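Examining the three-dimensional arrangement
This is what each chain is made of:
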Amino acid sequence: MKLDLTATSVINIFVMPESEENSPQSPFQGFLNEILDPEYIHHLTLFSMFPQDLQEIFMTQDELIYFRNHYIKPNFFLLRPTAITLSLPMFKEHPFVVLYYLPDSSKFIDSIIGEFVYPPIRISTTKCSDIDLKKKFSCHILDEALYERFLGFTSRNKDKTELVDLAQTKKMRKQELTDLGFISRNHGVTHATESVIFGLGYDFKDSENIPGSPEKTEYIEAMINAANNLIEITGQEKDICKSDLIVYSPSIFKHLYSFNNNWWNQILRKIRKKDVREFIKNGVFKNPSYSGMQIEGTLPSNLHESPEAQVILSARQLELALTVLAIKFLSISNNAPAIRLPNAINFHTGEIRELERLSKLSGKKQIENFNKKFKTLISTIRSEIGEELIRYIKDKSQTVTLCTDVPLEWICIDRIPLMFTHEISKIHTTPGNMLLLNASQPVNVTIHKKELFEVTVIRSFNDNDPIKPILETALRHFADIDKLVKIKFIDVTNEKELIQALIDCTSHILIFDCHGNHGGEEEHGWLQIGDDKVDTWSLTYKAPIPLIVLLSSCLTSAVSGSHASVANGLIKSGALSVLGTFFPVNAMKSSAFMGRIVLRLSGFLNAIEKLGVDHLTWREFMSGFFRMSYCTDILKEFQDTYQIINHEQYIELHKYGNYAINGQQHDWFEKLINAVSIESNLDEKDLYKLVSDIGITESMYYMQLGRPENIRIVFND
């Protein structure tokens, strides 16, 4: 494994406030209190649009667009002083480092500046700044400073022939902005997309505010127009580690959606005026659309007279601004537009809680009721999103980064759930600190195929637990087919042994085989390790976590649990990709699910290498696997429940479906249904209706969290 850092990479470091693990956080979404400040947000916004590679200052606009579509891997680091000190060995010898800091960090910067081999570019509002932040900001603001550092580096390193050639053959780009007549809408729903356009060297002819309204139409039109403008500039051909769209919906902590609970009662009782209370509750937090709703056409006239209301409004406005900032980082790094979904999709905590309850029951009627409520929920959320946005996501994307606490993976964008039609990666929007960190995540890694042929399983069951041997049996069965993947089992009986097992782990892929659960909407989830309920959020400073974690445990990303799930805790603790579970999972089915992933490691990776493919991402690997698993689910239903195909037909149809999936044919499901239609003599429309009736399947109990697109698997030495 190696970090993807080149000689011309610009390492952008923003000095964050020093904070402890349990530092105070904002009340509704969980951002660090110290950055809940307009000044921090302003400077972080500028920081997000900095050049990402030295070569950019020599590029034409068309070259820059192509470069960001295909090659660039941004290195934005949001680090507190302690973390910068620990990371200095990574940075101090790199020639192109940018340090952005506010005045209160000046003494710290002065204390470390001498550690750098090449002077970093210092950006601040102090006299020591290398950049004048008072002049109008543009994407060219660092060009001269980077060019100066570049000349200094090449003069000292004549052996760096490629960079010397760059100095001799290339001229700096013209510092001009292109005006294509675009109108900025000056609103959070378009800020991220417009930031990408601005960062590529385009200016806006004018700005036109979106008026506050409970209606969604104008917000949707503004987002789509901005997205179309960006796509018109960049096209849609991109590197496989990029996403075509960022789809998001800001949320608050799950337990706060119960507006009659004691927490809200304590807050709202301090606001004496009823109309102000109603505005805070219904106009701000329960607003189903996009912005502050006006009650009966006007804001409460006495809103400014309530200091408690002003504190709540200010806190939430700043949280939303930081959420938009996080989305900007994602949009810029992917060179992709962002689409915000309406708040209404977050208001289903009661239905989701009921779904989880029903998922734990057995019996035909209970299963039917579970499936019925699932389909009702998905239909409701889909209608809340609206056909215009549904159609846009369908038409304009094949790869999507989701930023939401709602299981949008389940929504049918094109006949079947999004998680099977698209390559999906997902970041939760709570807590806000993790959203901002993961959105600006600089870690891009390259792994050779063979490095994935070693898998570690950490297991914890009582000796008399009947499910203890099930996963081992399944994994050894699938591994024995190709005899290429080595699996190491480690049994642990307490948290101390778990931590030691993690320290000793040399694999990039780790499977947890144990029981899991959660404590509801306000408590952390846990893994049952012997008698210890291990909170994965506490592992951050205790043990390293492998890049890829697969959880063969129940409720590790529970739909009705809090933000502090097992899966989210592992992301916080260092994993780049975590496969979690929405519901309780059946031990036999989960073991087969994990076993097929192990088989895919050797079988699929070796097969596509022979076809001449030289790299792919972990997101691409797992997306293909999810499609194959869904293919299994649907064909099994056709065989066992509806009895429209026999076992021999099932086997042949499964091979056909897998071939289409692994051949990266985007219409794989249409081809599968067509083949089933031929074999069963049933009309395709009737088959699609059966698929809709099937509803949720076993594969949909799992979700992929983190940044799996940042893990690139290569085949050449």
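Cut-offs used in this document
Residues numbered from 1 in each chain as written. Predicted model: local features only at pLDDT ≥ 70, side-chain atom pairs only at ≥ 80, totals over all residues. Heavy atoms only, no water. Pairing = 2+ DSSP bridges. Helix = DSSP H or I, 4+ residues; strand = E, 2+ residues; numbered from the N terminus. Axes fitted to C-alpha atoms, helices over the stretch in contact; angles between N-to-C directions. Contact = heavy atoms within 4.5 Å. Buried < 20%, exposed > 50% of the residue type's maximum accessible area, 1.4 Å probe, protein only. Parallel < 35°, antiparallel > 145°, perpendicular 65-115°, else oblique. Nonpolar A, V, L, I, M, F, W, Y, C, P; charged D, E, K, R; others polar. Phe/Tyr/Trp six-rings, centres within 6.5 Å; stacked < 30°, edge-to-face > 60°. Core = buried A, V, L, I, M, F, W, Y, C linked by side-chain atoms within 4.5 Å. Right-handed = clockwise from strand over helix to strand, strands pointing away.

**Concerning the sheet that holds strand β11 (residues 338–340)**
The strand order across the open sheet built from four strands is β11-β10-β12-β15, with neighbouring strands paired in parallel fashion. The open sheet terminates on both sides in strands that have one partner only, identified here as β11 and β15 (423–427). Averaged over all pairs of adjacent strands, the angle between their axes in this sheet comes to 20 degrees, without regard to strand direction. The pairing of strand β10 (residues 245–248) with β11 spans three bridges and is parallel. Residue pairing across strands places Tyr 248 opposite Arg 340, the latter belonging to β11. Strands β12 (399–403) and β15 of the sheet are contacted by helix α21 (residues 618–641), whose axis makes an angle of about 115 degrees with β15.

**Thoughts on the pairing of strand β19 (residues 509–517)**
Most of β19 sits inside the fold, with seven of its nine residues counted as buried. Note that strand β17 (residues 454–460) and β19 share six bridges and pair parallel. For Ile 458, the partnering residue across the bridge sits in β19 and is Phe 512. Pairing of β19 with strand β22 (residues 548–552) involves five bridges; the strand directions are parallel. Bridging across to β22, Ile 511 finds its partner in Leu 550.

**Considerations on the side chain of Ser 557**
Mapping Ser 557 onto the fold places it in the loop between β22 and α19 (566–572). Dropping the residues within four chain positions of it, Ser 557 is found in contact with His 428, Ser 565, Ala 567, Gly 580, Thr 581, Phe 582 and Met 703.

**Considering the packing of helix α1 (residues 38–48) against helix α11 (residues 307–334)**
Put simply, α1 and α11 touch, their axes get as near as 10 Å, and they point 10 degrees apart. Relative to α11, α1 is oriented roughly parallel. Within the contact between the two elements, α1 uses Pro 38, Ile 41, Leu 44, Thr 45, Phe 47 and Ser 48 and α11 uses Leu 318, Ala 321, Leu 322, Leu 325, Lys 328, Phe 329 and Ile 332. Taken together, the residues that form the contact of α1 with α11 break down as ten nonpolar, two polar and one charged.

**A look at the packing of aromatic side chains**
For the structure on display, the rule yields 42 aromatic pairs. The interplanar angle of 85 degrees and the centroid separation of 5.8 Å between the aromatic rings of Phe 28 and Trp 263 together place this pair among those described as edge-to-face. Remark: Trp 263 occurs in helix α9 (residues 262–268) and Phe 28 occurs in the loop between β2 (11–15) and α1; sequence separation between them is 235 residues. Classification of Phe 28 by relative accessible area gives buried; the value is 2%. Taking the centre distance of 5.3 Å and the plane angle of 70 degrees together, the rings of Phe 47 and Phe 76 count as edge-to-face. With Phe 47 in helix α1 and Phe 76 in strand β3 (residues 75–79), this pair connects stretches of sequence that are 29 residues apart. Note on accessibility: Phe 47 and Phe 76 belong to one class, buried. By way of ring pairs, the aromatic residues Phe 14, Tyr 40, Phe 47, Phe 50, Phe 76, Tyr 100, Phe 137, Phe 198 and Phe 329 are connected into one cluster.

**Structural notes on the sheet that holds strand β5 (residues 121–123)**
Here we have four strands laid out as an open sheet, ordered β3-β2-β4-β5, and parallel in their pairing. Each of the sheet's edge strands pairs with one partner strand only, and the pair in question is β3 and β5. If you compare each strand with its neighbour and ignore which way they point, the axes differ by 20 degrees on average. The pairing of β2 with β3 spans five bridges and is classified as parallel. The partner of Phe 14 across the bridge, within β3, is Leu 78. On the sheet, α1 packs against β2, β3 and β4 (97–100) and is oriented at approximately 175 degrees with respect to β2.

**Brief notes about the environment of Leu 64**
One can find Leu 64 in helix α2 (residues 61–70). Each C-alpha atom, one on Leu 64 and one on Ile 413, is 32 Å from the other, the two residues being 349 residues apart in sequence. Aside from chain neighbours lying at most four places away, what touches Leu 64 is Glu 56, Met 59, Arg 173, Gly 199 and Leu 200.

**Looking at the nonpolar core**
Ranked by internal contacts, the top residues of the largest apolar core, which has 136 residues, are Trp 410, Phe 512, Trp 618, Phe 638 and Phe 669. A per-element tally of this core places α21 first, with eleven residues. Counting residues in each nonpolar core, the second largest holds 85 residues, with Val 196, Phe 198, Leu 256 and Phe 329 among its members.

**A look at the pairing of strand β23 (residues 577–581)**
Among the five residues in β23, five count as buried, and that is most of the element. Along β23, one buried face is formed by Ser 577, Leu 579 and Thr 581 and the opposite face, lined by Val 578 and Gly 580, is buried too. Tracing the backbone out of β22, into α19 and back to the parallel element β23 gives a crossover that is right-handed. Strand direction decides the pairing type here: β23 and strand β25 (residues 702–706), joined by five bridges, are antiparallel. By the bridge assignment, Ser 577 is partnered in β25 with Gly 706.

**Considerations on the packing of α21 against helix α24 (residues 684–694)**
At a minimum axis distance of 11 Å, the contact between α21 and α24 shows a crossing angle of 105 degrees. As far as their axial angle goes, α24 and α21 are roughly perpendicular. Facing Tyr 630, Ile 634, Glu 637 and Phe 638 of α21, the residues of α24 in contact are Leu 687, Leu 690, Val 691 and Ile 694. In terms of residue class, the contact of α21 with α24 is built from seven nonpolar, no polar and one charged.

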